[in-house]
Amino acid sequence: MAKTYSAVVTAQAANVAFQIEVSRVGTIVLERSINGTTWVVDRSIEDMFVNSNVAEFNVAGCVVGQKLRVSYENCVEVSFETLQ
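First things first, this report covers the structure right here in the doc.

Rules behind the numbers
Residues numbered from 1 in each chain as written. Predicted model: local features only at pLDDT ≥ 70, side-chain atom pairs only at ≥ 80, totals over all residues. Heavy atoms only, no water. Core = buried A, V, L, I, M, F, W, Y, C linked by side-chain atoms within 4.5 Å. Buried < 20%, exposed > 50% of the residue type's maximum accessible area, 1.4 Å probe, protein only. Helix = DSSP H or I, 4+ residues; strand = E, 2+ residues; numbered from the N terminus. Contact = heavy atoms within 4.5 Å. Salt bridge = Lys/Arg side-chain N within 4 Å of Asp/Glu carboxyl O. Pairing = 2+ DSSP bridges. Axes fitted to C-alpha atoms, helices over the stretch in contact; angles between N-to-C directions.

Let's talk about the nonpolar core
Right, so step 1: With 19 residues, the main nonpolar core has F18, I20, I28, V70 and Y72 as its most contacted residues.
Right, so step 2: Counting residues per element, the ones that place at least two in this core are β3 (15-22), β4 (27-33), β6 (54-60) and β7 (67-73).
Right, so step 3: Here the element with the most residues in this core is β3; it accounts for 4 residues.
Right, so step 4: Once you skip the residues sitting within four places of it in the chain, F18 turns out to touch V9, L30, A55, E56, F57, V59, L68, F80, E81 and T82.

Structure (structure tokens):
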């Protein structure tokens, strides 16, 4: 299964909350970017999907204008919500 990506979220505050639902848990990684072209891995988040296919987590230390996205490998995004 090819790697897919969530929608890109542009931080509007220092903290962003995500709620993600996937069809099954595979490799799920939070990525950050300053310019939206070059992406760096922030952290792996598949361990947050312990008892269900839904996880909710906060990302602290964002800079206004910074880009965030989630990459998925061996799973499919069902829903992707953000709160800033």
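A few points about the pattern of salt bridges
Right, so step 1: Tallied over the full model, the rule gives 3 salt bridges.
Right, so step 2: Across the salt bridge formed by R69 and E31, the nearest N and O atoms sit 2.6 Å from each other. On the criterion of sequence distance, the pair formed by R69 in strand β7 and E31 in strand β4 is long-range, its members being 38 residues apart.
Right, so step 3: Residue classification places R69 among the buried residues on the basis of a relative accessible area of 14%.
Right, so step 4: E31 sits in the buried class, given a relative accessible area of 7%.
Right, so step 5: Where D42 meets R43, a salt bridge forms, and the shortest distance between an N and an O atom there is 3.2 Å.
Right, so step 6: Take D42: its relative accessible area is 29%, and that puts it in the partly exposed class.
Right, so step 7: By relative accessible area, which is 28% here, R43 ends up partly exposed.
Right, so step 8: Put simply, R32, D42 and R43 are held in one network by salt bridges that share partners.

Details of the sheet that holds strand β8 (residues 77-83)
Right, so step 1: With antiparallel pairing, 3 strands are arranged side by side in an open sheet as β6-β3-β8. In the strand order of this sheet, the two ends are held by β6 and β8, each with one partner. Put simply, the sheet's adjacent strands are angled 20° from each other on average, direction ignored.
Right, so step 2: With 6 bridges joining them, β3 and β8 adopt antiparallel strand pairing. Residue I20 lies in a different strand from β8, and its bridge partner there is F80.

That is the geometry; function is a separate question.
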